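Descriptive structure summary
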2 protein chains.
Amino acid sequence: MSETSSSRTDGGRLRGVLAPVLTPFHADLSPDARRLARFCRWLLDHGCAALAPFGTSSEANSLSLGERESLLEAILEEGVPADRLLPGTGACALTDAVRLTAQAVRRGCAGVLMLPPFYYKAVSEDGFFRFFAEVIERVGDARLKIYLYHFPPVAHVGFALKLVERLLQAYPRTVVGMKDSSGDLAHTKSMLDAFAGAGFDVFVGSERFLLGGMRMGAAGCISATANVNAGAIDRLYQAWKSPEAERLQAEVDAARGAVEKVPLIPGLKAIVAHHAADPGWITVRPPLVDLTPAQRDTLLGDLAALKFEMPGLRG
Amino acid sequence: MSETSSSRTDGGRLRGVLAPVLTPFHADLSPDARRLARFCRWLLDHGCAALAPFGTSSEANSLSLGERESLLEAILEEGVPADRLLPGTGACALTDAVRLTAQAVRRGCAGVLMLPPFYYKAVSEDGFFRFFAEVIERVGDARLKIYLYHFPPVAHVGFALKLVERLLQAYPRTVVGMKDSSGDLAHTKSMLDAFAGAGFDVFVGSERFLLGGMRMGAAGCISATANVNAGAIDRLYQAWKSPEAERLQAEVDAARGAVEKVPLIPGLKAIVAHHAADPGWITVRPPLVDLTPAQRDTLLGDLAALKFEMPGLRG
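Each value, and the rule that gives it
Throughout, residues of each chain are indexed from 1 in the direction in which the sequence is written. Just so you know, chain letters begin at A and ligand numbers begin at 1, following the order they were written in. Where totals are concerned, whole chains, interfaces and linings use all residues; where local detail is concerned, this predicted model gives features only for residues with pLDDT of at least 70, and gives and counts side-chain atom pairs only at 80 or more. The side-chain quantities take in all heavy atoms of the structure and omit both hydrogens and water. To qualify as a helix, a DSSP run of H or I must reach at least 4 residues; to qualify as a strand, a run of E must reach at least 2; elements of each kind are numbered from the N terminus. With the radius of gyration taken over C-alpha atoms, the globule rule is written as 2.2 Å times the number of residues to the power 0.38. Note on exposure labels: buried denotes an accessible area under 20% of the residue type's maximum, exposed denotes more than 50%, and partly exposed covers the range between, all computed with a 1.4 Å probe on protein chains only. When DSSP finds two or more bridges between a pair of strands, those strands are recorded as paired. Orienting the strands away from the viewer, one traces the path from the first strand over the helix to the second; a clockwise path indicates a right-handed crossover. Overlaid copies result from least-squares superposition on C-alpha atoms, with residues included only where pLDDT is at least 70 in both. In this description, contact between two residues means that some pair of their heavy atoms is separated by no more than 4.5 Å. Summed over both partners, the accessible area (1.4 Å probe) lost when two parts come together is defined as the buried area. Note on definitions: salt bridges are taken to be side-chain nitrogens of Lys or Arg within 4 Å of carboxyl oxygens of Asp or Glu. By the convention adopted, Pro, Cys, Tyr, Trp, Phe, Met, Ile, Leu, Val and Ala count as nonpolar, Lys, Arg, Asp and Glu as charged, and the other residues, Gly among them, as polar. Note on definitions: angles span 0 to 180 degrees between N-to-C directions of axes, and those axes are lines fitted to C-alpha atoms, for helices only across the stretch in contact. Roughly parallel means an angle under 35 degrees; roughly antiparallel means over 145; roughly perpendicular covers 65 to 115; every other angle is labelled oblique. A helix is expected to span 1.5 Å multiplied by its residue count minus one.

1. Remarks on the overall build of chain A
Assigned secondary structure in chain A consists of 13 helices and nine strands. The C-alpha radius of gyration of chain A comes to 18 Å, within 12% of the 20 Å expected for a compact globule of 315 residues. By principal-axis analysis of the C-alpha atoms, chain A measures approximately 50 × 50 × 35 Å. For chain A, with 315 residues in total, the buried portion stands at 61%.

Below, the structure written as structure tokens:
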């Protein structure tokens, strides 16, 4: 979609709708790089300004370091453009985060999306600062652009205002934005109020907050459901100032609502499997589990009632 | 200590006091295998029946897979006996957990201590069961002995009674015990009541619960503070039926209380650094941070007042 291409950057900055790309697996639970690359291309052609592989919806933390590295290499070799990639490179282990981040920079990715190290829970601001400072210093590359991935409902740790402030002061050209998956627009507003003036871009973590976020100055959204509904979400993104915006928001909310009735990641995979006519897509890695047949039927039925489609995915 | 050696197994089962061994780092934050091996030997000579390297106190989740594999190889090469090792091999990624667990079995370790995959929080019992089943099937070795590491305060996921029951039913010779770090003796009791009869061994996760746990039928304790106080904890373990037990419990509680006033892992490292006269021991990996000088002074002062010692650690 040409309007997506034209809107995807703004002075080199990411803008618009990004999908944390689902990771397809073979029957033996090994990642399927070719299927992933094909899906990446489809997403870029159907509403995604860029892609955030290796996010929560990608089951990235269910992948080993080597699997993540190999998958990134593979999708680049298959022609997915690096300058439209924002891979997740956060990890509990400093050495893993450094290695993944260095690879992304070396391969020309637009930026990286970093979870904080999420095992220890009683970590001080100093500890998180030191972790990110070490990553930045060790990668040691002026091209590095970090987007902080704030997701307290799952990570149980996050980025307090003061921590973001310290990171921005120390690394103003490197720490450039946030994915705010707090599920709280007041939090998004606090980040924008404090840091948007310094060029810090905030993406909301669900399209439910896209219109509200855009009105506050957000840069777009990085949302799990962009894996299946990026076209409609992008139409909302493009038209957020128009009289159609509320209606477009209601439309994407309806689809999101149907998906949220079931576990999110297996739900999204079931949708892709159905619309791609490719049952292999349903496979998730443990500890996640597939939908039950009843969950799947409800989900697909609800979406059919909304005339939901994924054009061109099949074949 | 001869009584430790004699008490460490009971028909091949682990018993007594285990330390989740602290991981020493070089100044560049790389793990120091030789210092680790030396410390392992000291612990085995000073109260530890066995060792649980790569636990929470070991900063294991701050280490990469390769670092964990190399460290285990290194301490074995340095003469730490495999049959007294219970390495942590849990991981968020199935492939990592399989690889670490297979290494431990191949190298003859007494067992493995496994955290559940801890990134996703809304995981079903089926999902955890499937994860452990995959690990067990893929390792595919009758020598494998898994101890489940139940630690909801940090992992935010854990092992419900029903999940343990399913695992025991499916893999009765493989799933053999638990480290219960719930901090709740009622939970320990529920596990013992349900499964001790089937030969399931429960270790309490802190020596605070050792006497209470032993009276319920626990197998011992696997405790962070065993890194510095295993001798006294083992005296309590040996004498739990004696009239001295309450006094010995109070003594280990007093030391534990001093350590708990500061962040636990950097606190334990500061104690080892002091008693080994080896300042390099204080280094922690981000996101953890060193104690402040004031915290360190308070900690060492409190312990000195308790006449706390680590005999033979220096040099």
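Moving on from the model shown.
2. So, the pairing of strand β3 (residues 16-19) of chain B
Residues and elements named next belong to chain B. Inspection of the sheet shows β3 paired to strand β9 (residues 220-222) by three bridges, in the parallel sense. Residue Val17 lies in a different strand from β9, and its bridge partner there is Cys221. Where β3 lies against strand β4 (residues 50-51), two bridges are found, and the strand directions are parallel. Across the sheet, Ala19 pairs through a bridge with Leu51, a residue of β4. Crossover connection from β3 via helix α2 (residues 33-45) to parallel β4: handedness right-handed.

3. Let's talk about the relation of the copies chain A and chain B
Superposition of the two copies of the chain requires a rotation about an axis and a shift along the axis. Here chain A sits on chain B after a turn of 180° about the axis and a move of 0.0 Å along it, with an RMSD of 0.0 Å. Put plainly, the chains are arranged around a two-fold axis. Both copies contact each other with a shared surface, as 100% of the interface residues of chain A are interface residues in chain B too.

4. Considering the interface of chain A and chain B
Taken together, the 42 residues of chain A in the interface contact 42 residues of chain B. A combined buried area of about 3,300 Å² lies between chain A and chain B, and 62% of that area is made up of carbon and sulfur atoms. Taken as a group, Tyr119(A), Tyr120(A) and Pro287(A) account for 24% of the area that chain A buries against chain B, more than any other trio of residues on that side. Scanning the region where chain A abuts chain B turns up zero salt bridges. In terms of residue count, helix α5 (residues 125-139) of chain A provides more of the side of chain A that touches chain B than any other element does, seven residues in total. Among the residues forming the side of chain A that touches chain B, the class breakdown is 24 nonpolar, eight polar and 10 charged.

5. Overview of the pattern of salt bridges
What the rule picks out here adds up to 48 salt bridges over all chains. Note that Asp201(B) is salt-bridged to Arg13(B), the shortest N-O span being 2.7 Å. With Asp201(B) in strand β8 (residues 201-204) and Arg13(B) in strand β2 (residues 13-14), the pair connects residues that are 188 residues apart, well separated along the chain. According to the relative accessible area criterion, Asp201(B) is buried, its value standing at 6%. Among the residues examined, Arg13(B) registers a relative accessible area of 33% and is labelled partly exposed. Between Arg247(B) and Glu244(B) there is a salt bridge, with its nearest N and O atoms 2.6 Å apart. A relative accessible area of 43% means that Arg247(B) is categorised as partly exposed. Accessibility expressed as a relative area gives 37% for Glu244(B), which makes it partly exposed. The network of salt bridges with shared partners includes Glu207(A), Arg208(A), Arg256(A) and Glu260(A).

6. What about the sheet that holds strand β7 (residues 175-180) of chain A?
Across the sheet, seven strands lie side by side as β4-β3-β9-β8-β7-β6-β5 (chain A); this open sheet has parallel pairing. At either end of the open sheet lies a strand with only one pairing partner, and these are β4 (50-51) and β5 (112-114) of chain A.

7. Focus on the packing of helix α11 (residues 245-260) of chain B against helix α13 (residues 293-305) of chain B
Residues and elements named next belong to chain B. The interhelical angle for the contact between α11 and α13, taken along N-to-C directions, is 170°, at an axis separation of 9 Å. In terms of axis orientation, α11 runs roughly antiparallel to α13. Contacts between α11 and α13 pair Ala255, Ala258 and Val259 from the former with Leu299, Asp302 and Leu303 from the latter. Grouping the amino acids of the contact of α11 with α13 by side-chain chemistry returns five nonpolar, no polar and one charged.

8. Describing the side chain of His275(B)
Structurally, the position occupied by His275(B) is in helix α12 (residues 264-276). Ignoring any residue separated from it by four or fewer positions in sequence, one finds His275(B) in contact with Phe308(B), Glu309(B), Met310(B), Leu313(B) and Arg314(B).

9. Some words on helix α13 (residues 293-305) of chain A
Given a rise of 1.5 Å per residue, 13 residues ought to cover 18 Å, and the 18 Å separating the end C-alpha atoms of α13(A) matches this to within 8%. Those residues of α13(A) that are buried lie in contact with α11 (245-260) and α12 (264-276) of chain A.

10. Things to note about the environment of Thr174(B)
You can see Thr174(B) is positioned in the loop between α7 (161-170) and β7 (175-180). Leave out the neighbours within four places in its chain, and Thr174(B) touches Ile136(B), Leu144(B), Lys145(B) and Ile146(B).

11. Topic: the sheet that holds β4(B)
Residues and elements named next belong to chain B. One open sheet holds the seven strands; their spatial order is β4-β3-β9-β8-β7-β6-β5, and the pairing between them is parallel. Each of the sheet's edge strands pairs with one partner strand only, and the pair in question is β4 and β5 (112-114). Contacts from helix α10 (residues 226-238) reach β3 and β9, with the element oriented near 175° to β3.

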